[in-house]
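Architecture and fold: a report
Listed below are the residues making up each chain.
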Amino acid sequence: MSASMKQKKKRIRAVQQKLRLFRAKEPLLSVLMWGVNYSINELSHVTIPVMLMPDDFKSYLKIRIDNHLFNKDNMPSHFKFKEWCPLVFRNLRERFNVDEDSYLLSLTKRCPLDMDSPGRSGARFLMSYDRKFVLKTLANEEVTEMHRILKDYHQYVVECHADTLLPQFLGMYRLTVNDNETYIVVMRNIFSSRLMIHKKYDLKGSTVDRQASDKERAKDFPTFKDNDFVNDGVALLLEPDQRPKLINTLESDTSFLATLNLMDYSLLVGIHDCDRLDPQVNDPFDSEENGVDEEELEESSNFATAASGPTPPESPMVASGEGLASADEFDPKLEGFAFKCSDQSGKQEIYFMALVDILTHYGVKKRTAQAAKTVKHGAGAEISTVKPDQYARRFMEFIERAIK
């Protein structure tokens, strides 16, 4: 080779890796999105075990971040994230047919939005941007109950092949921001992501103080209760083959809860009237309101460069209703808690039903409340606070009368 010939050297310019931002309207939600992304990517490197071991129900994933690369405008500089029993909840997601990539995308692509809290507990409720999942903050007592029942709950889901109306628990996390701890559980949304719910009831089978307050009625989407259900003359009219299956499922679920000494749960009922012409449901997750701009949304939808694990594929939003012919049809895979009204009823309705608030233990606190309410209302009054087996029996009697 001639000495005069020189080889051209290729210049390689290093490109700084693009960090995925989790901007939300508050630090707590940014940490939640960051933590779910971190935990799912960590789990992607763990071999799925053939069967869960006892230690899996005591395990946890925990990380502490101090002075990370985050800017305070995006993320707090100091926070802690903890996921309980990651292998157990991954197994539950699999049994409930929740894809890992879909779960990740739903909770991290855009900031969850606050929902109106329907109860007196003071719990905070949020919903994922695609309306697939509901997030609820837990009190310390509820966290204790979750740890106590998780092994039995998992075994029950396995034995019934996930054919249950119990809440579908998909993940439980502890977030520590500014030395404040917040416990959050993620569940599948009972209601549809595309069909509007026109009326909603929370049913316990009790009559004492079981009507919506004036404050509740003034809300845009109030939650009515047992006495309202009776006074409205509501009857859930199912197909003849659907009713026994639903009753059998509820009997099995409530018997299971009674064996765990749990009570004070409700059947949440949402009614969609197919004859009502509703305007197209607008996306309430406005990017500006949630502290995210459009450029970030575009970046977040292509976050493979930022995530440390495999790229979750983009999937169509469930809210679009793509592939469903009309508003009186539903997809059992996407809307697993839906029941169609009987053709003989003369109505065009779809009911969404499942059990909620199952983490109340019948302990000293509830026994004291039962004694106080008995003195106030009399021994024959149908108060909500009773022993678990009595609660389950009364609950089923009410539901059997409500479902025709």
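Below: a short report on this structure. (Residues numbered from 1 in each chain as written. Predicted model: local features only at pLDDT ≥ 70, side-chain atom pairs only at ≥ 80, totals over all residues. Heavy atoms only, no water.)

1. A word on the packing of helix α7 (residues 242-259) against helix α10 (residues 388-402)
Which entries qualify depends on this criterion: Fitting a line to C-alpha atoms yields each axis, with helices limited to the stretch in contact; the angle taken between N-to-C directions then spans 0 to 180 degrees. Strands are runs of DSSP state E lasting at least 2 residues, helices are runs of H or I lasting at least 4, and numbering of each runs from the N terminus. Any angle that is under 35 degrees is reported as roughly parallel, and any over 145 degrees as roughly antiparallel; angles of 65 to 115 degrees are reported as roughly perpendicular and all others as oblique. In a left-handed crossing the near helix is turned counterclockwise from the far helix by less than a right angle, and in a right-handed crossing that turn is clockwise. By definition, residues are in contact when any of their heavy atoms lie within 4.5 Å. When residues are grouped by polarity, Ala, Val, Leu, Ile, Met, Phe, Trp, Tyr, Cys and Pro land in nonpolar, Asp, Glu, Lys and Arg in charged, and all others, Gly among them, in polar.
At their nearest, the axes of α7 and α10 sit 9 Å apart, and the two run at 165° to each other. Comparing the axis directions of α7 and α10 gives the class roughly antiparallel. When you trace α7 past α10, the crossing you get is right-handed. Touching R243, I247, L250, E251, T254 and A258 of α7 are P388, D389, A392, F395, M396, I399 and E400, all from α10. A class-by-class count of the residues in the contact of α7 with α10 yields eight nonpolar, one polar and four charged.

2. A word on the packing of helix α1 (residues 27-43) against helix α3 (residues 100-108)
Packed helix pairs are characterised by how far apart their axes lie and by the angle those axes make with each other. Running from amino to carboxyl end, α1 crosses α3 at an angle of 165°, the nearest separation of the two axes being 9 Å. On the basis of their axis angle, the class for α1 and α3 is roughly antiparallel. Our pair here, α1 against α3, has a crossing hand that is left-handed. Counting all contacts with α1, which are made through M33, V36, N37, I40 and L43, the residues of α3 involved are E100, Y103, L104, L107 and T108. Partitioning the contact of α1 with α3 into residue classes produces seven nonpolar, two polar and one charged.

3. Details of the nonpolar core
The cut-off we apply is this: Put simply, a nonpolar core is a bunch of buried Ala, Val, Leu, Ile, Met, Phe, Trp, Tyr and Cys residues held in one set by side-chain atoms that sit within 4.5 Å of each other. Per-residue accessibility, obtained with a 1.4 Å probe over protein chains only, is compared with the maximum for each type, and a residue is labelled buried under 20%, exposed over 50%, and partly exposed between these values.
Of all hydrophobic cores here, the largest spans 109 residues; its most connected members are Y103, L355 and I399. Apart from the residues lying within four places of it in its own chain, the contact partners of I399 are L203, I247, L250 and L267.

4. Considerations on the environment of S106
How we decide: As used in this structure description, the phrase polar contact means that two N or O atoms lie within 3.5 Å; if the pair is within protein, one of them must be able to donate a hydrogen and the other to accept it, and residues adjacent in sequence are counted only when both atoms belong to side chains.
By the element assignment, S106 lies in helix α3. Among the residues examined, S106 registers a relative accessible area of 1% and is labelled buried. Discounting chain neighbours no more than four positions away, the residues touching S106 are S128, Y129, D130, K132 and F133. Polar contacts involving the side chain of S106 include one to the side chain of D130, which spans 2.5 Å.

5. Notes on the pattern of salt bridges
To keep it simple, the criterion reads: One side-chain nitrogen of Lys or Arg within 4 Å of one carboxyl oxygen of Asp or Glu is enough to make a salt bridge.
Going through the model one piece at a time under the given rule, you end up with 17 salt bridges. Of the charged contacts in the structure, one is a salt bridge between D357 and K136, with a shortest N-O distance of 3.2 Å. Of this pair, D357 sits in the loop between β12 (349-356) and β13 (360-361) while K136 sits in strand β5 (residues 133-138), and the two are 221 residues apart along the sequence. What makes D357 partly exposed here is its relative accessible area of 35%. With a relative accessible area of 7%, K136 lands in the buried category. Through salt bridges with shared partners, a single network forms among K25, E26, D114 and R124.

6. A word on the sheet that holds β12
Here is the rule we go by: Paired strands are those between which DSSP finds at least two bridges.
Ordered by their spatial adjacency, four strands build an open sheet running β8-β10-β12-β11, and the pairing between neighbours is antiparallel. Only two strands of the sheet have a single partner each, and these edge strands are β8 (199-203) and β11 (338-340). Going from strand to strand, the sheet's axes swing by 25° on average, the running direction of each strand aside. Direction of pairing for β8 relative to strand β10 (residues 266-273): antiparallel, over a ladder of five bridges. What sits directly across from D202, in β10, is L268.

7. Some remarks on the sheet that holds strand β1 (residues 60-66)
Taken in spatial order, the seven strands line up as β1-β2-β6-β7-β5-β4-β3 in an open sheet, and their pairing is antiparallel. The open sheet is flanked by β1 and β3 (113-115), the only strands paired with a single partner. Neighbour-to-neighbour, the strand axes of this sheet turn through a mean angle of 25°, independent of strand direction. Across three bridges, β3 lies against strand β4 (residues 125-127) in antiparallel orientation. Bridge pairing in β4 places D114 opposite L126. Each of β1, β2 (78-84), β4, β5, β6 (169-177) and β7 (180-188) is contacted by α1, which is oriented at about 125° to β6, the strand it contacts most. Across the sheet, helix α2 (residues 86-95) lies against β1, β2 and β6, angled at about 140° from β6, the strand it touches most.

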